[in-house]
Amino acid sequence: MTPPVPPAADAAEVRSTACNRDCPDACVILATVESQDGVERVTSLRGDPDDPVTKGFLCERTSRFLGRQYAADRFTSPMVRRAKGGPLEPIGWDEALDLAARRLRTIRDESGPEAILHYVSGGSLGILKAAASLLFERFGPVTIKRGDICSGAGEAAQEQDFGVSESHDLFDLAHSATIVLWGKNPHVTGVHLLPVLRQAREAGAVLVGIDPIRTRAAELCDLFLQPRPGADAAVAFGMARWAFDHDANDAKAPDYCENHAAYRALVEGHTVEQWAAQADVPSADLERAAELYATRGAANIQVGWGLGRRGNGSATVRALDALGAVTGNLGVPGGGVSYYFGRRTAFDLDFIGGVDVAPRSFPESRLGPEWLGADPPVRAAWITAGNPVAMLPESDTVAAAVEGTEFVVVVDTHPTDTTDRADLVLPTLTLLEDDDVLGAYGHHLLRESRAVVAPPAGPSGAAPSAAGGPRHELTILQGLAERLGVGAELAGSVDDWKRRVTATLDGAGAGLEAMRAGPVRNPFAVTCLFADRSFPTPSGKACLIDVLPADPAATDAEYPLLLLATSTSKAQSSQWSVAPSGLPEVTVHPESSAGADPGGRARLQSRVGALEVVVRHDAGVRRDVALMAKGGMLRDGRCANQLVRARETDAGGGACFYDEAVRLAPL
Ligand SMILES: Nc1nc2c(c(=O)[nH]1)N[C@H]1C(S)=C(S)[C@@H](COP(=O)(O)OP(=O)(O)OC[C@H]3O[C@@H](n4cnc5c(=O)[nH]c(N)nc54)[C@H](O)[C@@H]3O)O[C@H]1N2
Ligand SMILES: Nc1nc2c(c(=O)[nH]1)N[C@H]1C(S)=C(S)[C@@H](COP(=O)(O)OP(=O)(O)OC[C@H]3O[C@@H](n4cnc5c(=O)[nH]c(N)nc54)[C@H](O)[C@@H]3O)O[C@H]1N2
Ligand code: SF4
Ligand SMILES: [Mo]
């Protein structure tokens, strides 16, 4: 018998989509797709060179995404756990959705909709993911989270001070004479800011970095300050004091700032030297930072999202806002205090009521303890686009809450600490398979994402649309909605839904057709905010902070370090490009290693948990900080959040991820 001739591989094709990860950049991805034996496979990924933000490159974690896309542990069919603690077993979609609908209906009818919790996080920033909230509002409304552990504290600060949490256009940095990277680590968390910063530098801008860790941002900076963690307000007040002392403040600021006199009195309550001492930075450096910021022309502050993840986080961002206001840096090109870009504001999402209509809400920062101790109890949970067991504080408490709940459904692509405890796992699409629209929180461009490849078929080999295989989240929700009697609310194709959320944009010439034709900017976002120095606050003025923020989190002789588990270039939160192995690394100043040699093992302990770690030394880390990667999981013995208590920030419902005191101890 002659062997069959293998079909020749078809020509490679390049397809474009937008990255939906929880990242400020929302890149345009070019995927090379090759077909062999009728099965298409993505063989390489790169950034679109023609996109003004993406500029032809992707970050490390998404450049390596194909390992995750084709990982052997990817969920390719619904999975059920028939008994708590037992294994997950594949089942068909109809059976899975019937089961989910039956349990959710019974629990709602017996205990009311508040016995059901819907939790959604940032696994995909696709706007259509809001359909889950719509379903659970129509079926319930059910219990949801409130606040935002990511950027809630800072957004609350800017809303209070300026009436809105928005930023100057990314490219407005070309007009800045000085740029302050305040708790901002662009080499890791927002790589597409780098070309804009480099260009500004080449055009003469001076950069100042402020971070307890000497990050790679220092390479770009003319001056780098390493204040005590959580003491940034003292740096900002000291800089304002210097500006007042040197007539570098805006004399007209009292006209457009509320609380100006009280703020000035607060700032003048200490000398520059005293503020510098509070922040534990050299006074000469603080003075130099103030001079660079307040005397060179328009100055922008790039505020890191992490700055707010502390007990005084919201007040800290308010202190930065006030510094920008009194030095005349609001309402001018190249100025601004840039924190968040309103990534949802361009879209029509007002069909969702949120916490206003929910019968009950739990603060996201304290989800674990509130869920575990809930009265009446949570009997069912629907978790989508998140891994709360690993990523929320007090991971062991979140794990116990999930384990103790009668029926937990998780919609995800890959196994996590949360799917490890779920009763039902529903597989969905990766960023290369998804079909959605997106805004970004680091610039004002709008995107459409479109599948560059089909999801894998289920284990039965059936076509993705039939029995097996991951499904679009909207399709999953529609299947559930029909079974729950609210099918009409979610009806419509993905394209219908895209048109529904972009209707207003369409009216402004920036709808789907425009997005398909090339980069589209949010037409409702201005390039320079508050250009007429009027603010959408109740008074029409900027509102200056006039009370001291709470003191930074304390360390003591027993627990001398603050744990800073921040982003790593190797992972998107708990989604690692290459599965991590071995013990997690903790980096400390050589004098803070409690005797552990570089590469040695130790126990990292907080008052609530402990982890076995490998110790690294780095003199660029402050002596009072222990640095590790966020995103480690319980299943790998790498979960930083086992050590972090569930506490809420001063405003905005953030989580105090970076306020936990820890120590290194011998094993
Ligand atoms: N590679 C990668 N990129 C990511 C993510 C990821 O997981 N991996 N996550 C994405 C997400 S969800 C978000 S929200 C953003 C997060 O982006 P960021 O919040 O900007 O990132 P972090 O790394 O948490 O913190 C940024 C910097 O703040 C510093 N910092 C911490 N505490 C203080 C302080 O008290 N004062 C000062 N001045 N600085 C401080 C840290 O040392 C760090 O260098 O990044 C996104 N990008
Ligand atoms: N210690 C510490 N903890 C932190 C932080 C920190 O700095 N330090 N940062 C915090 C911040 S800023 C954030 S935003 C949170 C992030 O917390 P999470 O949003 O929970 O982060 P991920 O681990 O990325 O979980 C997202 C999950 O969604 C899945 N997913 C991907 N695409 C899709 C999709 O299209 N649909 C669905 N349903 N699922 C999808 C992924 O596989 C992944 O399992 O973590 C917080 N936790
Ligand atoms: S994660 Fe961010 S930087 Fe990386 S490809 Fe996606 S949008 Fe771009
Ligand atoms: Mo985040």
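Residues numbered from 1 in each chain as written. Chains lettered and ligands numbered in written order. Predicted model: local features only at pLDDT ≥ 70, side-chain atom pairs only at ≥ 80, totals over all residues. Heavy atoms only, no water.

Asker: Which parts of the structure should I look at to understand the overall build of the chain?
Answerer: The secondary structure content of the chain amounts to 21 helices and 29 strands. At 25 Å, the chain has a C-alpha radius of gyration in line with the 26 Å of a compact globule built from 667 residues. Based on the C-alpha atoms only, the size of the chain along its principal axes is roughly 85 × 60 × 60 Å. Out of the 667 residues in the chain, the part that is buried amounts to 60%. A separation threshold of at least 6 residues defines the contact pool for the chain, and within that pool the share at least 24 residues apart is 75%. When the accessible surface of the chain is totalled, it reaches about 24600 Å², and 50% of it is carbon and sulfur. On the chain, the mean spot of the 64 positive side-chain charges and the mean spot of the 86 negative ones are 3 Å from each other. (Helix = DSSP H or I, 4+ residues; strand = E, 2+ residues; numbered from the N terminus. Rg over C-alpha atoms; globule rule 2.2 N^0.38 Å. Buried < 20%, exposed > 50% of the residue type's maximum accessible area, 1.4 Å probe, protein only. Contact = heavy atoms within 4.5 Å. Areas by Shrake-Rupley, 256 points an atom, 1.4 Å probe, with all protein chains shown as cover. Lys, Arg positive; Asp, Glu negative; His and termini not counted. Charge placed at Lys NZ, Arg CZ, Asp CG, Glu CD.)

Asker: I tried to follow the domain arrangement of the chain on my own but got confused; where do I start?
Answerer: Where the parts come together, the accessible area they lose is often given as the size of the interface. According to the domain assignment, the chain consists of domain 1 (13-69), domain 2 (79-145 + 346-521), domain 3 (167-339) and domain 4 (561-666). For domain 3 versus domain 4, the distance between C-alpha centres works out to 27 Å. Contact residues are listed per partner, giving 20 residues for domain 3 and 19 residues for domain 4. Interface area, domain 3 with domain 4, both sides summed: about 1500 Å², of which 55% is carbon and sulfur. Three residues, I213, R309 and R310, lead the burial of domain 3 against domain 4; their summed loss comes to 40% of the area buried on that side. Inspection of the region where domain 3 meets domain 4 yields two salt bridges. Linking domain 3 to domain 4 there are 14 residue pairs in polar contact (both at pLDDT 80 or more). When contributions to the side of domain 3 that touches domain 4 are tallied by element, the ones reaching two or more residues are α6 (186-189) and α13 (313-326). The leading source of residues in the side of domain 3 that touches domain 4 is α13, at three residues. Across the side of domain 3 that touches domain 4, the residue classes break down as seven nonpolar, eight polar and five charged. (Domains from an automatic or database assignment. Buried area = accessible area lost by both parts, 1.4 Å probe. Salt bridge = Lys/Arg side-chain N within 4 Å of Asp/Glu carboxyl O. Polar contact = N/O pair within 3.5 Å; in protein donor to acceptor, adjacent residues only side chain to side chain. Nonpolar A, V, L, I, M, F, W, Y, C, P; charged D, E, K, R; others polar.)

Asker: Before we go on, may I ask you to explain helix α4 (residues 131-139) in this structure?
Answerer: An α-helical turn contains 3.6 residues, so any two residues separated by three or four positions project in the same direction. For α4, the buried fraction is high: eight of the nine residues fall into the buried class. Within α4 the residues assigned to the buried category are A131, A132, S133, L134, L135, F136, E137 and F139. At its buried positions, α4 is contacted by α3 (93-111), β6 (116-120), β15 (380-384), α17 (473-484), α18 (487-490) and α19 (494-501).

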